[in-house]
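Structural description and commentary
Listed here are the chains, written in short residue letters.
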Amino acid sequence: QLQLVESGGGLVQPGGSLRLSCVASGKTFDYYAIGWFRQVPGKAREGVSCISASGRSTKYADSVKGRFTISRDDAKTTAYLEMNSLKPEDAAVYYCAADFAPFTETPGWGPDVEYEYWGRGTQVTVSS
């Protein structure tokens, strides 16, 4: 298995910044695409961003483009989500997930993309 542990969540004011981390262990991290998802109680889980195993390709939800940046450091087996200009609508539990996809440069999410491993999530609260 691949174990994923998120950290970095917390309380920030609107307009503030936060950096989430996802530390992986157990399998070869650099063979996996990494996705960040978020979920609010009563709403469906939504994809936020993802990055290919190579680190060369990324994707962002329209709602976070220009504000969030995904990255990865394979030497540290860690993926990051830098969140800037946070809005109240960004508040959610954020999860990282891994998809075994060592060659694809078209990362994404949806019914045809199976993210096999998931972290337990980290809470992000955006409030004054």
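Residues numbered from 1 in each chain as written. Predicted model: local features only at pLDDT ≥ 70, side-chain atom pairs only at ≥ 80, totals over all residues. Heavy atoms only, no water.

1. With respect to the sheet that holds strand β8 (residues 78-83)
Operational definition: DSSP bridges decide pairing: two strands pair if at least two such bridges lie between them. Labels follow the DSSP assignment, with helices taken as runs of H or I lasting at least four residues and strands as runs of E lasting at least two, numbered in each case from the N terminus. Lines fitted to the C-alpha atoms define the axes, with helices restricted to the stretch that makes contact. Angles between their N-to-C directions range from 0 to 180 degrees.
Reading across from one edge, β1-β3-β8-β7 is the order of the four strands in this open sheet, with antiparallel pairing throughout. Every interior strand has two partners, whereas the edge strands, β1 (3-7) and β7 (68-73), have only one. Neighbour-to-neighbour, the strand axes of this sheet turn through a mean angle of 15°, independent of strand direction. The sheet contact formed by β7 and β8 spans six bridges and is antiparallel. The residue bridging Asp73 from the neighbouring strand is Thr78, located in β8.

2. A word on the pairing of strand β9 (residues 92-100)
Keep this limit in mind: For each residue, the accessible area found with a 1.4 Å probe, counting protein chains only, is set against the maximum for its type, and the residue is called buried under 20%, exposed over 50%, and partly exposed in between.
With seven of its nine residues buried, β9 lies for the most part within the structure. Relative to β9, strand β4 (residues 32-39) is paired through eight bridges, and the arrangement is antiparallel. Across the sheet, Arg38 pairs through a bridge with Tyr94, a residue of β9. Here three bridges tie β9 to strand β11 (residues 122-126), and the two strands are oriented antiparallel to one another. Among the inter-strand pairings, Tyr94 is bridged to a residue of β11, identified as Thr122. Both β9 and strand β10 (residues 117-118) contribute to a ladder of two bridges, which runs antiparallel. Paired with Ala98 across the two strands is Tyr117, which belongs to β10.

3. Regarding the pattern of salt bridges
Put simply, the test is: Salt bridge, as applied in this entry: a Lys or Arg side-chain nitrogen positioned within 4 Å of an Asp or Glu carboxyl oxygen.
Scanning the entire structure with this criterion turns up seven salt bridges. In this structure, Arg67 engages Asp90 in a salt bridge whose closest nitrogen and oxygen atoms are separated by 2.7 Å. Here the residue Arg67 occupies a position in the loop between β6 (58-60) and β7, and Asp90 occupies one in the loop between β8 and β9, the gap between them amounting to 23 residues. Between Arg72 and Asp74 there is a salt bridge, and its shortest N-O distance comes to 2.9 Å. For Arg72, a relative accessible area of 15% puts it in the buried group. Classification of Asp74 as partly exposed rests on a relative accessible area of 32%. Several salt bridges share partner residues, and in doing so they unite Arg38, Glu46, Arg67 and Asp90 into one network.

4. Observations regarding the packing of aromatic side chains
Rules: For this analysis, a ring pair means two rings from Phe, Tyr or Trp (six-membered ring only for Trp) whose centres lie within 6.5 Å, classed as stacked if their planes differ by under 30 degrees, edge-to-face if by over 60, and tilted for the remaining angles. Lysine and arginine charges are scored as sitting over a ring when NZ or CZ, respectively, is within 6 Å of the ring centre and within 35 degrees of the ring normal.
All told, the structure shown has seven aromatic pairs when counted by the stated rule. Between Tyr31 and Phe100, the ring centres sit 6.3 Å apart and the planes meet at 75°, which makes this aromatic pair edge-to-face. Remark: Phe100 occurs in strand β9 and Tyr31 occurs in the loop between β3 (18-25) and β4; sequence separation between them is 69 residues. Accessibility expressed as a relative area gives 43% for Tyr31, which makes it partly exposed. In this structure Phe100 comes out as partly exposed when scored by relative accessible area, which is 43%. Pairwise contacts between aromatic rings join Tyr31, Tyr32, Phe100 and Tyr117 into one cluster. Residue placement shows Lys59 over the ring face of Trp109; its charged tip is 4.6 Å from the ring centre.

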